[in-house]
Structure formats: structure tokens, C-alpha cells
Amino acid sequence: MENIKTNIEKVNEKKAAAAAKAGRNADDVLLVGVTKTRTAEEINKGIDAGLTDIGENKVQEIMDKYDFVKPVKWHMIGHLQTNKVKYIIDKVSMIHSVDSYKLAEEINKRAGQHQLTMDILIQVNSAQEESKFGISTDETEELIRRVLENCPNIRIRGLMCIAPFAEDPDDIRVYFAEVKKLYDQYGTIEHERLDFQYLSMGMSHDFEAAIQEGSNLIRVGTAIFGERDYSKKN
Ligand SMILES: *Cc1c(COP(=O)(O)O)cnc(C)c1O
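Residues numbered from 1 in each chain as written. Predicted model: local features only at pLDDT ≥ 70, side-chain atom pairs only at ≥ 80, totals over all residues. Heavy atoms only, no water.

Some points on the overall build of the protein
When its secondary structure is counted, the protein shows nine helices and eight strands. Relative to a compact globule of 234 residues, whose C-alpha radius of gyration would be 17 Å, the protein shows 17 Å and is just as compact. A buried classification covers 52% of the 234 residues belonging to the protein. For the protein, long-range pairs separated by at least 24 residues make up 59% of all intrachain contacts whose partners lie at least 6 apart in sequence. Once the 32 positive and 39 negative side-chain charges of the protein are each reduced to a mean point, those two points are 4 Å apart. (Helix = DSSP H or I, 4+ residues; strand = E, 2+ residues; numbered from the N terminus. Rg over C-alpha atoms; globule rule 2.2 N^0.38 Å. Buried < 20%, exposed > 50% of the residue type's maximum accessible area, 1.4 Å probe, protein only. Contact = heavy atoms within 4.5 Å. Lys, Arg positive; Asp, Glu negative; His and termini not counted. Charge placed at Lys NZ, Arg CZ, Asp CG, Glu CD.)

Some points on the pairing of strand β7 (residues 194–201)
Judged by how many residues are buried, β7 sits mostly within the fold: six of eight residues are covered. Examined bridge by bridge, strand β6 (residues 154–161) and β7 share five bridges and lie parallel to one another. Bridge pairing in β7 places L159 opposite L199. In this view, the connection linking β6 to its parallel neighbour β7 by way of helix α7 (residues 173–186) has right-handed handedness. (Pairing = 2+ DSSP bridges. Right-handed = clockwise from strand over helix to strand, strands pointing away.)

Comments concerning the packing of helix α5 (residues 101–113) against helix α6 (residues 137–150)
Orientation of α5 relative to α6, taken along the N-to-C sense of each, is 25°, at an axis distance of 10 Å. With respect to each other, α5 and α6 are oriented roughly parallel. The way α5 lies across α6 gives a crossing that is right-handed. Across the interface between the two elements, Y101, A104 and N108 from α5 touch L143, R146, V147 and N150 from α6. Grouping the amino acids of the contact of α5 with α6 by side-chain chemistry returns four nonpolar, two polar and one charged. (Axes fitted to C-alpha atoms, helices over the stretch in contact; angles between N-to-C directions. Parallel < 35°, antiparallel > 145°, perpendicular 65-115°, else oblique. Left-handed = near helix turned anticlockwise from the far one by under 90°. Nonpolar A, V, L, I, M, F, W, Y, C, P; charged D, E, K, R; others polar.)

Details of the pattern of salt bridges
All told, the structure shown has 14 salt bridges when counted by the stated rule. Close ionic contact of E56 with K65 constitutes a salt bridge, the shortest N to O distance being 2.7 Å. Residues E56 and K65 agree in their burial class; the two are buried. Salt bridges here are not isolated pairs; linked through shared partners, they connect D119, R155, R157 and D195. (Salt bridge = Lys/Arg side-chain N within 4 Å of Asp/Glu carboxyl O.)

Structure below.
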């Protein structure tokens, strides 16, 4: 049995050290515990140990666990199909994975039906990996402007990226740095529904590198809950 509490403490220590190295405050970096494949019971242990925010990458898992998990902020961090937006629109506090206008339009529509404003991040694929979702850096600004213009029920809170896997996280720092540059640039756009506060970058194996490149929201699963076992159902 993984000791979730100890693991969270370790992640928080590393987070603080990385922030200090970058001349920043540990409190400026939000830890989102990634709970995919984990049971509600395990998630509740994480919440008892201090997690305030959790991330899931599948709509189905959010729906299955939602009623059994203690009050917490849910983040949708995985690829989201337009036809599933309706199931999570009133459950999550932020959607990190918006990478097309079509998806934003659907989020806008469903948010309107629930009379809420949804916080989103634009997912940028700065390494231009074919296998990954996310919009290219060239198209990011156009997507932001289109969403601001046409989606009154969406507030854009920042950017998200998933870096390619590298044995040595220092090798992928350039991809984080590139998204940080865009974050600083687009964060200055003057609009009532653009309020950049989150740069979501960094997972278990690369969050220290990401923090040093400016991340202020890290999505950490394995380092908290242990290796995932996809063979057993949840
Ligand atoms: C699974 C996942 C994570 C966490 O990955 P770990 O390596 O377990 O920390 C972060 N972000 C996204 C989008 C994920 O799907």
C-alpha cells in the first residue's frame, strides 16, 4: 500500500525546492493530484492528506467517482470529446485540454445551459508531437481570440502543455520555456474574459524542470499514488 500522505509531503518538498531555485514561492505553485485509475477511497486519502485539487483524464472516471469523493476541485486534464462535455460541465472547475474551437463552442453552449462560466486552459503542443493533442504554437493566438470573441460563457485562465517524455527532464525544458513565453505574451491581452493565472506544466517525472521554467500548476499522479495498474478496472 502506497503511503499517500508521505508521498504528498515528498512532492511538496520537491516542489518547494524547485520553486526556491527559480526564486519563487512554493505557494505560487498549485499541486493537482492526478487520480486516474484510482478508487474514490484512495482519492479521499489524498484529500485528507491535503490535496485541494484533483485531475482526471477521462469523463467516465469523473462520472463514476464524483459522488463518492469528498468536496474538492476537479480538473479535466485529458482529451475531451465534444459529445461528452455535457456530462462534466457542472462537475469540474477547470478544463485544461481545450485545443480546438469546436470544443470551446460546445463548452460555451453547455456552460450557458447551466448558467455558469467555465474556466479553461488552452492546451499547446509545443513539441509538435503527432501523437499528442494540443494546438500548435502558431495557431494558439487565433484560437484565444476566437474564443474571446464568440464564447461568453468561457473564461481563459492560461495555458497547459504535456512535454514529450525524456529520460533527462532537462532535455525538454525548451518546450516548457516556449509555452511560458506564449503565456507571458497572451496574458497581456486585454479582455474581461481573459485572466491568466495558470500555466499547467509538469508531471511526476518532470515537474521540477517545469517549475524552473515557470509552471505554476503541476499535475502529479504516480509520485503520489504509485504506479498505475491499467489491467485492473479502477
Ligand atoms: C496521467 C497524467 C498526468 C500525471 O502523470 P504522472 O506521470 O502519473 O504524474 C498529468 N497530466 C495528464 C494530462 C495526465 O494524463
